[in-house]
Amino acid sequence: MASRFQSALRFPTGRSYPALKPSKPHSGRILGQRRFSISPRWQIRTKEMNEDLLKSLKINQGRLMQDIHHTCQWGTGERWGDAPTETGMTRLALSDTDKEARDWFKSTTEALGCKTTVDSMGNIFAVRPGLRNDKPPTFVGSHLDTQPTGGRYDGILGVTAGVEMLKTLADNWIETEYPVGVVNWTNEEGARFPLSMVASGVWAGSIPQETAHNTREVYPGTATMLSELKRIGYLGETTASYESIPMAAHFELHIEQGPLLEMSNKKIGVVKGVQAYKWFTTTVKGRDTHTGTTDLKSRADALLVAAKMILHSHRLATANSALASTGILNLKPGSTNTVPGDVTFSLDIRAPQDSTVEKMKKLVVADFPKIAAGEDVLGSNDACTFGLPCSVSITEDFDSPATTFHPDCIDSVSKAANSVLGPNSHNLVMDMVSGAGHDSVYANKRCPTSMIFVPCREGVSHNPREFCKEEDCALGAQVLMQSVLRFDRMRDERRISWKQEPYTL
């Protein structure tokens, strides 16, 4: 059956077509009541699409959800419900299951006529030709890796929605002026290899490739990113760099990972930027001693001191309208009847402004040594026995400054959201700043970028119960596709501030 879009344009039906290739200019053709100067009768250029045609071009919701759940067979995690799809995901970066998902992405996009390139960080770029292939593609991007106890939508929705965009363009014989593509970024989560958004960071020139390649997986593993890229066969020959693989723009669809859209009964978040954050590793050194023979005042209890520090970081965050979280805690020797003498813990600090995150850092660096020495900082010793001092060291592992996205991309997303949601769109769209980091942060350093958020149930993410309604997934994918098409149309009409280098497809 022809799609609604094909029917509206009086497309020929009942035949199959070869893989899409850009057409050559030729004499005018008649399609229904419309005249096209260069497109074959079964094809249409984005510049020939008015608002009604943009609105009538629809992604296939059922096919999108099928792809999401099909890919979730690789790394299926904890079950939280009775339905076949009510499971979480455990697909850590560069694992065997990540390889299987990557293989699916590569083979699926190639079957749609895309050229795929794997770079030296394992990023996979799939590009669909346009009419003019002398400039960089407009990309859709996200990631297929998950948290150890993650869900089915974080990252996965963004990649599969990009694939669905390619399928819809092929179904309806849409010719973009410039190439469009989808990228699967490596190790966005930073869960297995503790460097968040590392591969997009290398691409952007913000993280040295040697640093990324030498990053070891979290304890107790010993593999590096380089060794695992080689092992699963995704160490590409193309250098991971914006110079080797330039982008004209980068759009990313993502679940919000927070409750604001759902609480406000909104359907689309137009993301204008990302808040700042820093990651730290704190190491506390005390003394291992027997729990039964060492009284409280004679202990240098590294875990007790670390607990005081973690609580103190929470108090500082409360006082400064920031966020502070600890997600990793390791202690030695790890025996029930031994006071821990060595503790390391992560500290994640976030706030909308760089200045707030920097202030939090200064407070932590000033106060943690005082707590380790036994001083009473903000009541940290209330009702406690004064013990022996410990030492502390603090290492800054990662810094992501506040990000402001490009106005041209934001404008494309806003217009797409209003078009997709119709006359009531003003009640369904929200301008937002992302609380979480995404690969779009690094993409934004080298090309115009923006993001699209859709609501997730109760704002829950990084959890097996992470859930997004099918209709919301489809709405987000629809806005994503229309944003790309709008940007494709505007590239000749507006001067984009990022320099566009010659591109070879």
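The shown structure was predicted, so the numbers you read here are calculated from the model rather than taken from an experiment.

Colleague: What exactly am I supposed to notice about the overall build of the protein chain here?
Modeller: A count of helices and strands for the protein chain gives 14 helices and 22 strands. Within the protein chain, buried positions represent 56% of all 505 residues. Taking as baseline every contact in the protein chain between residues at least 6 positions apart, the subset at least 24 positions apart corresponds to 77%. When the accessible surface of the protein chain is summed, it comes to about 21,200 Å², and 50% of that surface belongs to carbon and sulfur atoms.

Colleague: What is the right way to read the packing of aromatic side chains from this model?
Modeller: When we look at a pair of aromatic rings, we describe it by the centre distance and by the angle of the planes. Scanning the model with the defined rule gives ten aromatic pairs in all. An angle of 75° between the planes, with centres 6.3 Å apart, marks the rings of W203 and Y242 as edge-to-face. Taken together, the positions of W203 in helix α6 (residues 198-203) and Y242 in the loop between α8 (225-232) and β11 (249-255) put the pair 39 residues apart, joining distant regions of the chain. Y242 gets classed as partly exposed once you look at its relative accessible area, which sits at 26%. Ring geometry for F345 and F368: centres 6.3 Å apart, planes at 55°, overall tilted. Here F345 is found in strand β18 (residues 342-351), whereas its partner F368 is found in helix α11 (residues 354-373), with 23 residues between them in sequence. Each member of the pair, F345 together with F368, is buried.

Colleague: Please clarify how the state of the cysteines should be interpreted in this entry.
Modeller: Here a disulfide denotes one covalent bond, and it connects the sulfur atoms of two cysteines. Enumeration over the complete set of coordinates arrives at zero disulfides. Between C447, a cysteine without a disulfide, and C409, which holds the nearest cysteine sulfur, the sulfur-to-sulfur distance is 7.2 Å. Owing to a relative accessible area of 0%, C447 belongs among the buried residues under this scheme. As a non-bridged cysteine, C456 has C468 as the owner of its nearest cysteine sulfur, 7.2 Å distant. Judged by its relative accessible area of 1%, C456 is buried.

Colleague: Looking at this structure, how should I read the confidence of the model for the protein chain?
Modeller: Any segment with low pLDDT has predicted coordinates that should not be analysed in fine detail. Of the residues in the protein chain, 89% reach a pLDDT of 70 or more, and the chain-wide mean stands at 90. Within the model, the stretch residues 1-41 combines pLDDT values under 50 with 81 contacts to residues more than four positions away or in other chains. Predicted confidence is poor over residues 497-503, with pLDDT under 50, and the contacts of this stretch with residues over four places away or in other chains come to 21 contacts.

Colleague: Hey, could you run me through the side chain of R45 in this one?
Modeller: Looking at the element boundaries, R45 is found in strand β3 (residues 44-45). Among the polar contacts listed, one links the side chain of R45 to the side chain of E177, at a separation of 2.6 Å.

Colleague: Would you mind showing me how to read helix α5 (residues 156-171) here?
Modeller: Residues spaced three or four apart along an α-helix face the same direction, because each turn holds 3.6 residues. The terminal C-alpha atoms of α5 lie 22 Å apart, and with 16 residues this matches the ideal 22 Å at 1.5 Å per residue to within 8%. Counting buried positions over the 16 residues of α5 gives 14, a clear majority of the element. Looking one or two residues beyond α5, the residue adopting positive phi is W173, at roughly 55°.

Colleague: Help me out: how do you make sense of the packing of helix α4 (residues 96-111) against α5 in this one?
Modeller: Where α4 contacts α5, the axes come no closer than 10 Å and their chain directions differ by 15°. Accordingly, the angle class assigned to the pair α4 and α5 is roughly parallel. The handedness of the crossing between α4 and α5 comes out as left-handed. Contact residues: W104, F105, T108 and T109 in α4; V159, T160, V163, L166 and K167 in α5. Classifying every residue of the contact of α4 with α5 by side-chain character gives five nonpolar, three polar and one charged.

Colleague: Looking at this model, I keep getting lost on unusual backbone geometry. Mind explaining?
Modeller: Glycine aside, residues mostly have negative phi angles, and peptide bonds mostly take the trans form. Backbone torsion omega between Y219 and P220 reads 10°, so that peptide bond is classified as cis. In this structure, P220 sits in the loop between α7 (209-213) and α8. The step from K332 to P333 runs through a cis peptide bond, and the omega angle for that step is 5°. Within the secondary structure, P333 is located in the loop between β16 (329-332) and β17 (338-339). Even without being a glycine, Q257 presents a positive backbone phi close to 65°.

Colleague: What's the story with the environment of L329 in this structure? I'm lost.
Modeller: Along the chain, the position of L329 falls in strand β16. The partly exposed category is assigned to L329, whose relative accessible area is 44%. C-alpha of L329 to C-alpha of F345: the two residues are 16 residues apart in sequence and 4.4 Å apart in space. Excluding anything up to four places from it in sequence, L329 contacts L303, V343, T344 and F345.

Colleague: Explain the pattern of salt bridges to me, please; I cannot follow it from the model alone.
Modeller: Here the idea is simple: oppositely charged side chains can pair when their charged atoms come close. Taken as a whole and assessed by the stated rule, the structure comprises 25 salt bridges. Close ionic contact of E51 with R486 constitutes a salt bridge, the shortest N to O distance being 2.7 Å. With a gap of 435 residues between them, E51 in helix α2 (residues 51-56) and R486 in helix α14 (residues 470-490) connect regions that are remote in the sequence. Between D492 and R132 there is a salt bridge, with the nearest N and O atoms lying 3.2 Å from each other. Here the residue D492 occupies a position in the segment after α14, and R132 occupies one in the loop between β7 (124-128) and β8 (138-143), the gap between them amounting to 360 residues. Its relative accessible area of 38% is what places D492 among the partly exposed residues. Among the residues examined, R132 registers a relative accessible area of 32% and is labelled partly exposed.

Colleague: Quick question: what am I supposed to make of the environment of M432 here?
Modeller: Along the chain, M432 falls in strand β21 (residues 429-434). Spatially, the C-alpha atom of M432 lies 9.6 Å from that of M451, the residues being 19 residues apart in sequence.

Colleague: How do you make sense of the environment of L157 when you look at a structure like this?
Modeller: Its location among the elements puts L157 in helix α5. Linking L157 and I68, residues 89 residues apart in sequence, is a C-alpha distance of 6.7 Å. Those residues in contact with L157, other than ones at most four positions away along the chain, are I68, L253, I255, V454 and C473.

Colleague: Is there a simple way to explain the side chain of T215 in this structure?
Modeller: Note on placement: T215 falls in the loop between α7 and α8. The exposure class of T215 is buried, given its relative accessible area of 11%. Here T211 takes part through its backbone oxygen, which lies 2.8 Å from a polar atom of the side chain of T215. With residues near it in sequence (within four places) discarded, T215 still touches F193, P194, L195, A223, T224 and M225.

Parameters and conventions
- Position labels on residues start from 1 in each chain and follow its written sequence.
- The predicted nature of this model means local features are confined to residues of pLDDT at least 70 and side-chain atom pairs, given and counted, to a pLDDT of 80 or more, with totals for whole chains, interfaces and linings taken over all residues.
- To obtain the side-chain values, all non-hydrogen atoms of the structure were included, while hydrogens and water were left out.
- Secondary structure follows DSSP: runs of H or I at least 4 residues long count as helices, runs of E at least 2 residues long count as strands, and numbering of each begins at the N terminus.
- Each residue is placed in one exposure class: buried if its accessible area under a 1.4 Å probe, protein chains only, is under 20% of its type's maximum, exposed if it is over 50%, and partly exposed if it falls in between.
- Any pair of residues with heavy atoms lying within 4.5 Å of one another is described as a contacting pair.
- Computed with a 1.4 Å probe, the accessible areas rest on the Shrake-Rupley method; for each residue, only the protein chains presented here act as cover.
- Two rings belonging to Phe, Tyr or Trp (six-membered ring only in the last case) form a pair when the distance between their centres is within 6.5 Å. Interplanar angles under 30 degrees mark stacking, angles over 60 mark edge-to-face geometry, and anything in between is tilted.
- When two cysteine sulfur atoms are found within 2.5 Å, that pair is recorded as a disulfide.
- Every residue is assigned a pLDDT by the predictor, reflecting its confidence on a scale from 0 to 100.
- Definition of a polar contact: a pair of N or O atoms within 3.5 Å, with one able to donate and the other able to accept a hydrogen when the atoms are protein atoms, and with sequence-neighbouring residues admitted only if both atoms are side-chain atoms.
- Given a helix with a known number of residues, its expected span is that number minus one, times 1.5 Å.
- Fitting a line to C-alpha atoms yields each axis, with helices limited to the stretch in contact; the angle taken between N-to-C directions then spans 0 to 180 degrees.
- Roughly parallel refers to an angle under 35 degrees, roughly antiparallel to one over 145, roughly perpendicular to one between 65 and 115, and oblique to any angle outside these ranges.
- Crossings are sorted by hand: turned counterclockwise from the far helix by less than a right angle, the near helix makes the crossing left-handed, and turned clockwise it makes it right-handed.
- Just so you know the grouping, Ala, Val, Leu, Ile, Met, Phe, Trp, Tyr, Cys and Pro go in nonpolar, Asp, Glu, Lys and Arg go in charged, and all remaining residues, Gly too, go in polar.
- The term salt bridge refers to a side-chain nitrogen of Lys or Arg lying within 4 Å of a carboxyl oxygen of Asp or Glu.

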